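If you want the building blocks of each chain, they are given just below.
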Amino acid sequence: ATTAIATDLMARKNSHVFAIIGTGAQSEFLANSMTLVRDIIEVRYFDIDPVAMDKFENNMKSNPFTLVRCSDAEEAVRGADIVTTCTACKAHVDVLKDSWIRAGVHINGIGGDSAGKTELEFSILARSRIVVEYFDQCVIEGEIQRFSKEEAKGKVHAELHELIRGEKSGRGSKTDITL
């Protein structure tokens with residue numbers, strides 16, 4: 001639900017292509033939640049575990065969107081309007097590469113959920129308008145943990161509650177990369 005709220009407040013209104021990296025237990029709920037906030041016509045997906053991809057495909061095949069099974073994360077991400085990473089990697093890894101991310105994309109980086117774990121190439125953060133759920137936690141466990149606390153304060157645009165209350169905007173322009 002939180003990912004859907006963030007997407008609704010940050011993704012371009014004309015977003016139609018959703019990519020998900022990581023097709024574990026949360027992936028089906030994440031894909032379905034995107035259809036509640038955007039007119040999703042295509043879902044691209046990738047996981048390093050082909051069995052997880054098979055399960056995702058089987059469970060999602062009755063949905064009205066087109067499913068596109070991808071051979072790697074880059075194939076899934078290139079051309080997507082909304083990208084969600086939800087992996088179980090336990091280290092600083094580059095699940096998403098900066099060169100794959102075009103202007104206007106919205107990224108939900110929800111798999112970086114412990115100290116020492118990230119999913120995005122660090123240079124993506126410099127290009128992004130960053131909104132976090134809760135700063136004090138995200139600076140320890142989220143993508144911004146690679147900044148010092150002071151650097152992170154300068155880099156983070158808002159906490160999600162500030163968007164929900166209308167105190168700040170999620171997207172400044174159609175070319176913003178939002179995270």
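Report on the accompanying structure. These figures come from a predicted structure and were not determined experimentally.

## Focus: a nonpolar patch on the surface
So, point 1. A cluster of nonpolar side chains, contributed by Ile 5, Leu 9 and Ile 164, occupies part of the molecular surface with about 240 Å² of accessible area.
So, point 2. When you line up the elements, Ile 164 lands in helix H8 (residues 160-164).
So, point 3. According to the relative accessible area criterion, Ile 164 is exposed, its value standing at 52%.

## Quick word on the packing of helix H1 (residues 2-10) against helix H2 (residues 27-37)
A pair of packed helices is characterised by two quantities: the angle between their axes and the separation of those axes.
So, point 1. Their axes nearest at 9 Å, the elements H1 and H2 cross at an angle of 40 degrees. Regarding the angle of H1 to H2, the classification is oblique. As for how H1 packs across H2, the hand of that crossing is right-handed. Between H1, through Thr 3, Ala 4, Thr 7 and Asp 8, and H2, the contact on the second element is made entirely by Leu 30, Ser 33, Met 34 and Val 37.
So, point 2. The class makeup of the residues in the contact of H1 with H2 is 4 nonpolar, 3 polar and 1 charged.

## Focus on the layout of surface pockets
So, point 1. One number sums up the size of the largest pocket: a volume of about 600 Å³.
So, point 2. The wall of the largest pocket is formed by 24 residues, among which Gly 109, Ile 110, Val 132, Glu 133 and Cys 138 lie closest to the centre.
So, point 3. Looking at the lining of the largest pocket, the elements that each hand over two or more residues are H1, strand S6 (106-109), strand S8 (128-132) and helix H6 (135-141).
So, point 4. Estimates place the volume of the second largest pocket at around 260 Å³.
So, point 5. Residue lining of the second largest pocket: 15 residues in total, with Gly 22, Asp 47, Cys 86, Thr 87 and Ala 88 positioned closest to the centre.
So, point 6. Classifying every residue of the lining of the second largest pocket gives 8 nonpolar, 6 polar and 1 charged.

Scoring rules and cut-offs
- Residues numbered from 1 in each chain as written.
- Predicted model: local features only at pLDDT ≥ 70, side-chain atom pairs only at ≥ 80, totals over all residues.
- Heavy atoms only, no water.
- Patch = residues over 30% accessible without salt bridge, like charges linked within 9 Å, V, L, I, M, F, W, Y side chains within 5 Å.
- Areas by Shrake-Rupley, 256 points an atom, 1.4 Å probe, with all protein chains shown as cover.
- Salt bridge = Lys/Arg side-chain N within 4 Å of Asp/Glu carboxyl O.
- Helix = DSSP H or I, 4+ residues; strand = E, 2+ residues; numbered from the N terminus.
- Buried < 20%, exposed > 50% of the residue type's maximum accessible area, 1.4 Å probe, protein only.
- Axes fitted to C-alpha atoms, helices over the stretch in contact; angles between N-to-C directions.
- Parallel < 35°, antiparallel > 145°, perpendicular 65-115°, else oblique.
- Left-handed = near helix turned anticlockwise from the far one by under 90°.
- Contact = heavy atoms within 4.5 Å.
- Nonpolar A, V, L, I, M, F, W, Y, C, P; charged D, E, K, R; others polar.
- 1 Å grid on protein atoms, 1.4 Å probe; cavity = no way out; pocket = protein on both sides within 12 Å on 5 of 7 lines; lining within 4 Å.
- Points joined across faces, edges and corners; volume = space filled by probe spheres on them.

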